[in-house]
Amino acid sequence: MKNLKFDKSGSAEFSNTLRNRVNAHFKSTNTTIYGDSGMVYKSIFMLSVFFIPLVLICSGLITSAWLLFGLYILSGLGMAGVGMGVMHDAIHGSYSKNPTINKYLGYSMNLIGANASVWRIQHNVLHHTYTNIDHGDDDINAPFFLRFSPNAKHYWIHKFQYLYIWFFYGLSTISWITTKDFVRAARYKKMGFFKKEGEFRKELVKITSWKVLYYTYALIIPLLMVPLPSYIIVLAFLSMHFVTGICISLVFQTAHILSETSFPQPDEKGLIKSEWITHQLATTSNYAPKSRMFSWLIGGLNFQVEHHLFPNICHIHYRKLSQIVADTAREFSVPYMVKKTFLAALSDHVKMLRQLGRA
């Protein structure tokens with residue numbers, strides 16, 4: 001992965017033109033690249049949808065299993081909203097101009113059971129730099145029973161993955177709150193991301209401490225306070241994460257694992273034969289660009305192309321930037337992929353999973 005590099009020998013006219021037009025947009029509209037009061041309201045809303053059901057559960061007033069499941073699932077939707085609409089921008093540094101605000105809002109990742117430091121490496125560094133590249137992009141480095149790239153090894157079981165993938169998507173955040181952060185932190189240490197003396201050990205302590213805090217209010221207190229059998233409470237807790245896992249996985253995967261997106265391979269010297277910015281356009285697709293409410297709920301991630309090109313810009317600006325990117329791409333004959341609806345993107349994602357299974 002360290003040897004991977006993008007070809008810079010070609011013309012930079014497209015990337016320079018696009019950046020200049022985007023900069024001109026913010027200058028002409030007298031706006032900043034960061035969030036506004038709308039982001040604050042969204043943060044309050046999403047955090048409330050996550051925490052208020054848990055507070056009610058922890059109060060011990062819930063005696064109905066159906067109500068318990070309903071509150072946990074509602075909290076799971078809030079958890080997904082926090083992940084996509086609050087934490088995501090904060091860890092990218094695009095929520096606010098103030099780094100301290102970004103830092104503390106980034107901790108909302110820890111509050112939902114995962115870890116901001118590990119996510120920053122996995123997502124900001126590896127996924128955004130090496131999108132759809134085997135052994136570079138950690139989002140497609142999957143267990144043997146899942147195949148997200150035509151360059152990955154094929155097993156017979158993959159022909160059924162389009163059927164069983166949903167179960168594992170649902171388990172994705174359960175993996176986060178249990179083993180995934182520890183496993184990836186250890187791997188990232190080997191890759192050279194925790195270089196300072198004692199940094200890795202301190203990170204493990206932080207990961208463990210945050211998870212203890214999370215389990216305390218999300219599961220342990222409910223087990224002590226809710227007058228229902230323990231197995232029902234545990235199942236309700238798992239249902240919360242299953243809903244979150246499905247929501248987050250579908251939003252991110254349907255932007256990259258499609259029949260039209262590219263999965264380039266570097267040559268023997270680690271060179272990827274495209275400029276980084278055109279690589280992002282070739283490996284990423286938008287969907288449902290006209291659905292404002294859907295876009296609001298998922299943190300603007302239906303404009304995944306704009307997010308990959310400008311991760312330092314808050315998602316509230318992506319809708320307006322999309323027209324600039326589309327026009328510039330068309331002018332320079334660069335691919336710009338977009339699906340009209342989320343269902344169209346989801347259908348194509350299933351189609352791609354079947355293709356990868358038959359390969």
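The structure we're discussing is the one just above.
Here we summarise the structure given alongside this text. Keep in mind that this is a model prediction, so the values were computed, not measured.

Parameters at a glance
- Residues numbered from 1 in each chain as written.
- Predicted model: local features only at pLDDT ≥ 70, side-chain atom pairs only at ≥ 80, totals over all residues.
- Heavy atoms only, no water.
- Helix = DSSP H or I, 4+ residues; strand = E, 2+ residues; numbered from the N terminus.
- Rg over C-alpha atoms; globule rule 2.2 N^0.38 Å.
- Buried < 20%, exposed > 50% of the residue type's maximum accessible area, 1.4 Å probe, protein only.
- Areas by Shrake-Rupley, 256 points an atom, 1.4 Å probe, with all protein chains shown as cover.
- Expected span 1.5 Å × (residues − 1).
- Bend = angle between axes of the 7 residues up to and from the residue.
- Contact = heavy atoms within 4.5 Å.
- Phe/Tyr/Trp six-rings, centres within 6.5 Å; stacked < 30°, edge-to-face > 60°.
- Core = buried A, V, L, I, M, F, W, Y, C linked by side-chain atoms within 4.5 Å.
- Patch = residues over 30% accessible without salt bridge, like charges linked within 9 Å, V, L, I, M, F, W, Y side chains within 5 Å.
- Salt bridge = Lys/Arg side-chain N within 4 Å of Asp/Glu carboxyl O.
- Lys, Arg positive; Asp, Glu negative; His and termini not counted.
- Charge placed at Lys NZ, Arg CZ, Asp CG, Glu CD.
- Axes fitted to C-alpha atoms, helices over the stretch in contact; angles between N-to-C directions.
- Left-handed = near helix turned anticlockwise from the far one by under 90°.

1. Considering the overall build of the chain
Scanning the chain for helices and strands turns up 14 helices and 4 strands. In summary, the chain has a C-alpha radius of gyration of 21 Å against a globular reference of 21 Å for 359 residues, a match within 12%. Taken along the three principal axes of its C-alpha coordinates, the chain extends 65 × 55 × 50 Å. Sorting the 359 residues of the chain into buried and exposed places 50% on the buried side. As presented, the chain carries roughly 17000 Å² of accessible surface, and 63% of it is formed by carbon and sulfur atoms.

2. Concerning helix 8 (residues 199-225)
Relative to the 39 Å expected for 27 residues at 1.5 Å per residue, helix 8 spans 38 Å between its end C-alpha atoms, a close match to the ideal helical length. Of all the bends found along helix 8, the most pronounced is centred on T216 and spans about 50 degrees. By the burial criterion, the buried members of helix 8 are F200, E203, I207, K211, Y214, Y217, A218, L219 and P222. The inward-facing, buried residues of helix 8 abut helix 2 (37-58), helix 3 (65-92), helix 5 (108-111), helix 6 (116-129), helix 7 (161-190) and helix 9 (230-253).

3. Considering the packing of aromatic side chains
Across all of its chains, the model carries 27 aromatic pairs by this definition. Summarising the aromatic geometry, the rings of Y104 and Y107 are spaced 5.7 Å apart at their centres and angled 80 degrees between planes, so their arrangement reads as edge-to-face. Overall, Y107 belongs to the partly exposed group, its relative accessible area being 28%. Summarising the aromatic geometry, the rings of W119 and F252 are spaced 6.3 Å apart at their centres and angled 70 degrees between planes, so their arrangement reads as edge-to-face. Of the two residues, W119 is situated in helix 6 and F252 in helix 9; the sequence distance between them amounts to 133 residues.

4. A short note on the side chain of H241
Along the chain, H241 falls in helix 9. According to the relative accessible area criterion, H241 is buried, its value standing at 0%. In this structure, H241 is in contact with M79, I112, G170, T173, I174, I177 and Y214, ignoring residues within four places of it in sequence.

5. Describing helix 7
Look at helix 7: only 30 Å from first C-alpha to last across 30 residues, short of the 44 Å you get at 1.5 Å a residue. Its maximal kink placed at W176, helix 7 deviates by approximately 65 degrees.

6. Details of the nonpolar core
Ranked by internal contacts, the top residues of the largest apolar core, which has 61 residues, are L68, Y72, M109 and Y214. For this core, the secondary-structure elements that each account for two or more residues are helix 2, helix 3, helix 6, helix 7, helix 8, helix 9 and helix 14 (342-358). With 11 residues, helix 3 is the single largest residue contributor to this core. When sequence neighbours within four positions are dropped, the list of residues in contact with L68 reads I57, I62, V226, L228, I232, I233 and A236. Counting residues in each nonpolar core, the second largest holds 17 residues, with V22, F310, I313 and Y318 among its members.

7. A look at a positive patch on the surface
Side chains of K103, R201, K202 and K206 sit close together on the surface and give a patch of like positive charge. Per-element tally for the positive patch: the top contributor is helix 8, with 3 residues. Along the chain, K202 falls in helix 8. Its relative accessible area of 55% is what places K202 among the exposed residues.

8. Quick word on the packing of helix 3 against helix 9
The geometry of helix 3 relative to helix 9 is characterised by a closest axis approach of 8 Å and an angle of 35 degrees between their N-to-C directions. Considering how the two elements wind past one another, helix 3 and helix 9 form a crossing that is right-handed.

9. Details of the pattern of salt bridges
Note that side chains of opposite charge can pair when their charged atoms are close. Throughout the structure, instances matching the rule amount to 7 salt bridges. Where D327 meets R330, a salt bridge forms, and the shortest distance between an N and an O atom there is 3.0 Å. Separated by 3 residues within a single helix, D327 and R330 lie in helix 13 (residues 318-331), roughly one turn from each other. Here D348 ties to K339 by a salt bridge, and the two come within 3.7 Å at their closest N and O atoms. Under the relative-accessibility criterion, D348 is labelled buried at 8%. In this structure, a network of salt bridges that share partners links the residues D138, R184 and R187.

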